[in-house]
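Structural description and commentary
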Amino acid sequence: MAFFKLLRQSPLSARIGMAMILINIAAAIFAPVIAPYGETEVVGDVWLSASKDHLLGTDHIGRDMLTRLIYGARNTIAIAFVTTMLSFLIGSISGFFAATIGGWTDLTLSRVIDILMAFPTLIFALMVLSVTGTSITALIFVIAVLDSTRVYRLSRAVAMDIEVMEFCEAARLRGERTWWLMRHEILPNAMPPLVAEFGLRFCFVFLFIAALSFLGLGIQPPTADWGGMVRENAGAITFGIFTALWPAGAIAFLTVGVNLIVDWFLHIASGLKD
Amino acid sequence: MVAKRLALGLLTLIIISLLIFLGVELLPGDVAEAILGQSALPETVAAFRKELKLDLPAHIRYFSWLGDLAKGEFGNSLANGRPIADLIGWRFSNTLFLATVAALIAVPVAIILGILAALYRNSLFDRLISMATLSTISFPEFFVAYILIALLSVQIIIFPSISNINEQMSLFEKIHAIFLPCLTLTLVVVAHMMRQTRAAIINIMASPFIEMARLKGLNRTRIIVLHAFPNALSPVINVVAINLAYLVVGVVVVEVVFVYPGLGQLLVDSVSKRDIPVVQASGLIFATVYIGLNLLADVLSIISNPRLRNPK
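Residues numbered from 1 in each chain as written. Chains lettered and ligands numbered in written order. Predicted model: local features only at pLDDT ≥ 70, side-chain atom pairs only at ≥ 80, totals over all residues. Heavy atoms only, no water.

**Points about the overall build of chain B**
Here is the rule we go by: In this text, helices come from DSSP runs of H or I with a minimum length of four residues, and strands from runs of E with a minimum of two, each type numbered from the N-terminal end. Categorising residues by exposure relies on relative accessible area from a 1.4 Å probe, with only protein chains included: less than 20% of the type maximum marks a residue as buried, more than 50% marks it as exposed, and the intermediate range marks it as partly exposed. In what follows, a contact means two residues having at least one pair of non-hydrogen atoms within 4.5 Å. Exposure was quantified through the Shrake-Rupley algorithm and a 1.4 Å probe, taking into account, for residues, occlusion by the shown protein chains and nothing else. Here Asp and Glu are counted as negative and Lys and Arg as positive; His is not counted, and neither are the chain ends. A charge is said to be at NZ when it belongs to Lys, at CZ for Arg, at CG for Asp and at CD for Glu.
For chain B, the helix and strand inventory stands at 14 helices and zero strands. Each helix and strand of chain B, ordered N terminal to C terminal, gives the series α-α-α-α-α-α-α-α-α-α-α-α-α-α. Its C-alpha atoms put chain B at 85 × 60 × 35 Å along the principal axes. With 312 residues in all, chain B has 45% of them scored as buried. A separation of at least 24 residues holds for 72% of the contacts in chain B among residues at least 6 apart in sequence. About 16,000 Å² of surface is accessible on chain B, with carbon and sulfur atoms providing 67% of the total. Distance between charge centroids for chain B: 18 Å, based on 23 positive and 18 negative side chains.

**Description of the interface of chain A and chain B**
Let me state the cut-off plainly: Summed over both partners, the accessible surface that disappears when two parts come together, traced with a 1.4 Å probe, is what is meant by buried area. Criterion for a salt bridge: a side-chain nitrogen of Lys or Arg within 4 Å of a carboxyl oxygen of Asp or Glu. Throughout this description, a polar contact denotes any pair of N or O atoms lying within 3.5 Å of each other; where both atoms belong to protein, one of them has to be capable of donating a hydrogen while the other can accept it, and for residues adjacent in sequence the pair is counted only when both atoms sit in side chains. Residues were grouped as follows: Ala, Val, Leu, Ile, Met, Phe, Trp, Tyr, Cys and Pro as nonpolar; Asp, Glu, Lys and Arg as charged; and all remaining residues, including Gly, as polar.
Facing 37 residues of chain A, the contacting portion of chain B comprises 44 residues. Summing the contributions of chain A and of chain B, the shared interface buries around 3,400 Å²; its carbon and sulfur component is 82%. At the surface where chain A touches chain B, the tally comes to one salt bridge. Notably, a salt bridge pairs Arg195 of chain B with Asp263 of chain A, separated by 4.0 Å at the nearest N-O pair. In this structure, the connection of chain A to chain B is made through two residue pairs in polar contact (both at pLDDT 80 or more). Counting only elements with at least two residues in the side of chain A that touches chain B, the list comes to α6 (121–132), α9 (178–214) and α11 (245–270) of chain A. The element that contributes the greatest number of residues to the side of chain A that touches chain B is α11 of chain A, accounting for 10 residues. In terms of residue class, the side of chain A that touches chain B is made up of 27 nonpolar, eight polar and two charged.

**Describing the domain arrangement of chain B**
Going by this rule: Residue ranges for the domains originate in an automatic or database domain assignment.
Domain assignment breaks chain B into domain 1 (2–70) and domain 2 (94–273). The C-alpha centroid of domain 2 of chain B is placed 37 Å from the C-alpha centroid of domain 1 of chain B.

**Some details on the pattern of salt bridges**
Residues and elements named next belong to chain A. Taken as a whole and judged by the stated rule, the model has 11 salt bridges over all chains. Residue Asp147 pairs with Arg201 through a salt bridge whose shortest N-O separation is 2.8 Å. Highlighted residues: Asp147 in helix α7 (residues 136–163) and Arg201 in helix α9, separated in sequence by 54 residues. The partner of Glu163 in a salt bridge is Arg172, with the nearest N and O atoms 2.3 Å apart. On the basis of relative accessibility, which here comes to 17%, the residue Glu163 falls in the buried class.

**Considering the side chain of Ser282 of chain B**
Mapping Ser282 of chain B onto the fold places it in helix α13 (residues 276–303). The contact partners of Ser282 of chain B, leaving out residues within four places of it in the chain, are Ile88, Leu263 and Leu267 of chain B.

**Let's talk about the packing of α7 of chain A against α9 of chain A**
All names here are of chain A. What counts, and what does not: Where helices are involved, their axes are fitted lines through C-alpha atoms of the stretch in contact, as for all axes, and angles between N-to-C directions lie from 0 to 180°. We call two directions roughly parallel when the angle between them is under 35 degrees, roughly antiparallel when it is over 145, roughly perpendicular when it lies between 65 and 115, and oblique otherwise. Handedness of a crossing follows from how the near helix is turned relative to the far one, being left-handed for an anticlockwise turn of less than a right angle and right-handed for a clockwise one.
For the pair α7 and α9, interaxial distance at closest approach is 9 Å and the crossing angle is 155°. Between α7 and α9, the interaxial angle falls into the category roughly antiparallel. In the packing of α7 onto α9, the handedness of the crossing is right-handed. Classifying every residue of the contact of α7 with α9 by side-chain character gives 16 nonpolar, two polar and five charged.

Right, dumping it as structure tokens:
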């Protein structure tokens, strides 16, 4: 299996990254099994320090921090993943489309995307959310659309290179339709760069949602979410209670993990030997 | 080239302003109903619509809005009825102050570190810096900020965790007050800028004319100063300007963490209060600065590159 062969050759940093991600995914999937308490269950006094019953202490209204962190992994990662998938769906289809059809479609789409990209994402998202109000659906759509501009750029560039190859020409002469061409000729060949980009975009989307939740405009309480948890517990930091650093650290932990793997992918894709 | 780029920038700005304006038009119902609530009497809503000039057609309102903006009149806040220009002016200068101080520290540090890392590629120094910057990029801004607060304002009490500044403070007091937000921004921006500078320099050091110079037997300093540096100028200027643009936007989260009275804080507050005129105005200001800096990046890199300056 090529996949396992690739895994065996992976450098130490990428293996550490994979372990970090696996821990997070396991926490997300088995949350109800491993979490010691319920997601929104109040179990004790506020801001208890770490003890045998509460390994990471309790939060600002007395919920178990470890439990919140584990459920937070589930909500935060799931939402970021869905958003990234949606962004890739929109971005790569329109990118491939622009590259295969070319002409006016390509020109119009590209100019529109240029303008969207000239606008700072965070500000754009804030403005849209002020109009739509903060709901998870609005959040996912706004971020996916904004982020798909980057995916569009990459998939269009990659598809442009593939589209001029002989096998695409042959398929075209055979009379295959654009959709078939995109699905069977371009997509398989565009996979490697898109996968590396997926990691990068996931990190970006994940940090973006965390930032919005931290600003109080993302995922709303009482749903456990890392960005929101930082916001809720941040006030106590000046009193020497560092509970807020746990969810913030969890965000950093996951993104470092993904970045370590992305670095390795980019290294393979660039073809450098050293 | 330059004129074409400037025109494109202006066009982008106009379209952005149109988008910002239209975004509010697409609201279900309208601003008046959103503010007064569903239980408001129809007459009250109608009167309020008149006050907000919502009864005029959209294109007329757009142009009168643009005209007012050009005169520096932003209208009144819906939340407290105060003129938006008063709210924004002071806060915008605070945001610029914070971003400028951070930029003054970050730009030289990042460029020097980036060049050193590129020249001593794959050495221990380079690896250490790469590790450090990779983790700083992965950290959300607020994580860096709270770690700094925990270390420098709780464990050792040197700097305030709340950066409150006012006009009576001397420059030194102001800098002391904004030290932590400034350090946070610097750390995040330096990481990005340094990685991109390193990549740009490595790219140039691998080009044939550098190899030629090396084969001629020129010494290292001469190669770097006379051959590599002029060619690296364009990508480095680009990197700096793009990161400054990033800085202006990254300031939003940092301002909220440190309760700094800046434009970002105002924007976030207004979004949660749905004070749409304030959101429009501050969003447009952020967008203008951002687009302006990106424009500057492109213009400077055209000017610093003879091949682009004199197109065939």
